[in-house]
Amino acid sequence: QVQLVESGGGLVQPGGSLRLSCAASGSIYSINAMGWYRQAPGKEREFVAGFPWSRGRTLYADSVKGRFTISRDNAENTVYLQMNSLKPEDTAVYYCYCNSAGLYWGQGTQVTVSS
């Protein structure tokens with residue numbers, strides 16, 4: 001089993017920034033991919049950003065390109081999501097995922113962008 005612990009969500013004004021963190025622990029033999037999804041009220045969960053662990057090439061949803069940056073700490077099995085120029089439509093619960101001999105999800109962290 002792999003456990004994912006997220007942190008960093010909160011309330012921010014439009015144009016502001018937040019940084020999310022996700023630390024993986026437990027029975028990690030090899031990580032194939034990590035990243036983030038989000039789910040807004042009444043909407044389906046959607047991909048935000050992520051990358052295959054070994055190759056390091058990052059992928060972003062079109063809606064966040066140029067504003068969000070995903071990064072990682074290999075030694076700590078941790079992935080980060082730096083979110084800049086936040087918009088009200090970025091409001092959602094953000095979920096970290098990890099593909100390691102199975103797909104695992106974090107508990108989610110709320111991000112609210114509002115004035």
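Remember, predicted model here, so these are calculated numbers, not experimental data.

The rules we used
Residues numbered from 1 in each chain as written. Predicted model: local features only at pLDDT ≥ 70, side-chain atom pairs only at ≥ 80, totals over all residues. Heavy atoms only, no water. Disulfide = S-S within 2.5 Å. Buried < 20%, exposed > 50% of the residue type's maximum accessible area, 1.4 Å probe, protein only. Salt bridge = Lys/Arg side-chain N within 4 Å of Asp/Glu carboxyl O. Helix = DSSP H or I, 4+ residues; strand = E, 2+ residues; numbered from the N terminus. Polar contact = N/O pair within 3.5 Å; in protein donor to acceptor, adjacent residues only side chain to side chain.

Caption draft 1: A look at the state of the cysteines. Evaluated as defined, the whole model comprises one disulfide. No disulfide involves Cys98; its sulfur sits 7.0 Å from that of Cys96, the nearest cysteine. Owing to a relative accessible area of 0%, Cys98 belongs among the buried residues under this scheme.

Caption draft 2: A look at the pattern of salt bridges. In the structure shown here, the tally under the stated rule is four salt bridges. Between Arg38 and Glu46 there is a salt bridge, with its nearest N and O atoms 2.6 Å apart. Judged by relative accessible area, Arg38 falls into the buried class, the value being 5%. Ionic pairing is found between Arg38 and Asp90, a salt bridge with its closest N-O pair at 2.9 Å. Within this pair, whereas Arg38 is found in strand β4 (residues 33-39), its partner Asp90 is found in the loop between β8 (78-83) and β9 (92-99), the two being separated by 52 residues in sequence. Assigned by exposure class, Arg38 and Asp90 land together as buried.

Caption draft 3: Molecular detail of the side chain of Thr78. Along the chain, Thr78 turns up in strand β8. A relative accessible area of 8% places Thr78 in the buried class. At 3.0 Å, the side chain of Thr78 forms a polar contact with the backbone oxygen of Glu76.

Caption draft 4: Expanded view of unusual backbone geometry. Positive phi, normally seen in glycine, also occurs at Asn77, with a value near 50 degrees. Among the structural elements, Asn77 can be located in the loop between β7 (68-73) and β8. A positive phi angle, close to 50 degrees, is found at Ser85, a residue other than glycine. With respect to the secondary-structure elements, Ser85 resides in the loop between β8 and β9.

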